[in-house]
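# Summary of structural features
Listed below, chain by chain, are the residues.
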Amino acid sequence: MHKLLRPLAGLALVFLALALLTRLVLMFAARSGLEPQSVLLALPMGLFYDLAALVFFLLPLVLLVACLPARRHGAAVASPLLMLLVTPAIALLLFVAVAEWLFWDEFGVRFNFIAVDYLVYTNEVIGNIWQSYPMPLILGGLSVLTLWLLFALRRFWQRPTAAVGWRQRLLLVIGFVLLVLADFTLFDADRLHLGDNAYADQLGRNGLYQLFSAYRNAELSYHRFYPIETDPARLDRQLRALVGTPEAHFQSDHGIERDIVNPGPERHPNIVLISVESLSAEFLGAFGNTQNLTPNLDRLAAQSHFFSRLYATGNRTVRGLEALSIGVPPSPGEAIVKRPHNQRLFSLGSVLAAKGYQNLFLYGGYSYFDNMRAFFEANAYQVIDRTALTAAQIHHETIWGVADEDLFSLALSEFDQRAATGRPFFGQVMTVSNHRPFTYPEGRIDIPSKSSREGAVKYTDWAIGDFIERTRSKPWFANTVFLIVADHCAASAGRVDLPIERYHIPALIYWPGQVAPARDDRLMSQIDLAPTLLGVLGMSYRSQFFGYDMARLQPGRERTLIATYQQLGLFRDGVLSILKPTRKQLQLVPSANGLDATPLYPPRPELIEQAITWYQSSSDLFDRGELHDHADPLPR
């Protein structure tokens, strides 16, 4: 082997071996969702991805090897310099392998935009990992394994004493730079797919390359990457036809700004919106769960207007907050909550502020996370987080925030103060306990802390039930409506693109004596909740919501919108239409369990057209600044 290539070969050997081992371990984890033929395809495709990632990974070592002294006396410093780069490189590869296994266990996919997003919040993420896993043992094991690999492959790190001419070193650098440029410009990860099995497609990729690709595509331009309607006038007509409802009166001959006129009487009760972390519908007894995890929510569901076919727009908290506050379809890439120019948007908060409400957003963690404080403060809310609590007021906390019961105690204190002013309040409360490491105060439920996701779900249910009971003693309780909804599901991955059951969430409107108990089985989206709530209260207002008041929507027009940061889906009439980057489109018929699907034949182009209308229009309106709140409240 040429003396210049020996260190590169050693590191490449470690890289490819760990990539293969990671793929095999993840295959075993996903074995129930894989077919034999998909496994056979994932291995060669994975090698292709591994080689593409390897080119980038080796470039720093190539530059070091090429720059080492060429003369014989330079060999004394060659090996130490190599070791200074090779040692952390091998340690990084081992750490990434473990991180990929943990990420797959949590999300069922390789590194993606969520992993990139988490790198911004290192304190929360590192703290969560440290609290959830035996990290001292893991890091100790990785250190020992790093030293063992360095010793076992020691012949690769020993720089030969013979000099290497500058021409050979220059050719090596030029060759690798050309490979990197070709990799960067010609290799398009989004165009390579392994059929319809999403697990196999993920296994055929490389985690480091996926992380790099997700970083490059943090903000996806809809017009650049997705199917588009090229006629703006036609797009506008289609959107108005989709959002128009009997109670809506458009203000002009274009756009979606419209007066929502409800017959009244308009009521102004206090409003408490509880957004519950990671509460999949499958956890509730109301949906057939037999583990008795949610006795309080099940009891409330029987006493409320209960929405049984509601679907989250995404798989992150910011997507749920976006849907509940501004009522728009999910955008590709970053959620609007985290994008620039997201101030003074039309929102549920702006409607209520115009009607005299005091708006609060209460969060159990630090509200800088996911840009929540900046977003809500710029959109008619006062933000209150864990910093408002003293140490004596906290029964339990994790890196994500305080226990839900402590958050609810804070909320009660704030609501008491707002109620004393005589003006109605709107409080949106975002819980955090149903999150790794799944710890909570002992003695609250019959499942020990840190034992399982199920325990965290049951504790969150207990905290909600306890909160509702404590509010009953408040003088403002009878004049308060409660909206309880999940922000997203506990898991979103599956064998197919956008497995719809992984977006199924519960929601209910509880207002004893005012809202009659009922089970609403109509298909609906998370973006429909704000206009539906305002409809329940008989409120008239000028709207820019993309969602519907479900009580006023004509039968047959139901739909829901679900997405990842790249794939945008419309589910209507039993068909899931998906828009993908590189202007691809796909139509599937989900199975009865919502986790599998078969291709639709013949296709229904009108549903693809509707999906384009929903997503392109919302993207265009935000980019043009037309979703800002610039309308006065309707006179009564």
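Quick note: structure is the one above.
First, a word on scope: everything that follows refers to the structure included in this document. (Residues numbered from 1 in each chain as written. Predicted model: local features only at pLDDT ≥ 70, side-chain atom pairs only at ≥ 80, totals over all residues. Heavy atoms only, no water.)

### Brief notes about a nonpolar patch on the surface
How we decide: Patches in this entry comprise residues that are over 30% relatively accessible and not in a salt bridge; like charges within 9 Å are linked, as are nonpolar side chains (Val, Leu, Ile, Met, Phe, Trp, Tyr) within 5 Å. All accessible-area figures derive from a Shrake-Rupley calculation using a 1.4 Å probe, and residue coverage is judged against the displayed protein chains alone. The salt bridge criterion pairs a side-chain nitrogen of Lys or Arg with a carboxyl oxygen of Asp or Glu, the two atoms within 4 Å. Labels follow the DSSP assignment, with helices taken as runs of H or I lasting at least four residues and strands as runs of E lasting at least two, numbered in each case from the N terminus. For each residue, the accessible area found with a 1.4 Å probe, counting protein chains only, is set against the maximum for its type, and the residue is called buried under 20%, exposed over 50%, and partly exposed in between.
Together, Leu170, Ile174, Val177, Leu178 and Leu181 give the surface a local cluster of nonpolar side chains, amounting to about 430 Å² of exposed area. Mapped onto the elements of the fold, Leu170 is located in helix H7 (residues 166–186). A residue is classified by how much of its surface remains accessible, and Leu170, at 42% relative accessible area, is partly exposed.

### Some remarks on the packing of helix H1 (residues 6–29) against helix H2 (residues 36–67)
For the record, the criterion: Comment: axis = line fitted to C-alpha atoms, over the contacting stretch for helices; angle = value between 0 and 180 degrees taken between N-to-C directions. Less than a right angle of anticlockwise turn of the near helix away from the far helix marks a crossing as left-handed, whereas a clockwise turn marks it as right-handed.
Running from N to C, H1 and H2 cross one another at 150 degrees; their axes reach a closest spacing of 9 Å. Two packed elements cross with a definite hand, and for H1 against H2 that hand is right-handed.

### Digging into the pairing of strand S15 (residues 560–563)
Operational definition: Pairing between two strands is assigned when DSSP locates at least 2 bridges connecting them.
Residues Thr560 and Ile562 point to one face of S15 and Leu561 and Ala563 to the other, with burial holding for every one of them. Inspection of the sheet shows S15 paired to strand S16 (residues 568–572) by four bridges, in the antiparallel sense. Within the sheet, the bridge partner assigned to Ile562 lies in S16 and is Gly569. The hairpin turn running from S15 into S16, its antiparallel successor, is four residues long.

### Considerations on the sheet that holds strand S17 (residues 575–580)
Where we set the bar: In what follows, residue pairs with any heavy atoms lying within 4.5 Å of each other are defined as contacts.
Strand order in this open sheet of five strands is S15-S16-S17-S18-S19, and the pairing throughout is antiparallel. Only two strands of the sheet have a single partner each, and these edge strands are S15 and strand S19 (597–599). Across the sheet, the mean angle separating the axes of adjacent strands is 30 degrees when strand polarity is ignored. Judged from the three bridges that link them, strand S18 (residues 584–590) and S19 form a sheet pairing that is antiparallel. Bridge pairing links Val589 to Thr598 in S19. Where helix H19 (residues 605–623) meets the sheet, its contacts fall on S15, S16, S17 and S18, and the angle it forms with S16 comes to roughly 130 degrees.

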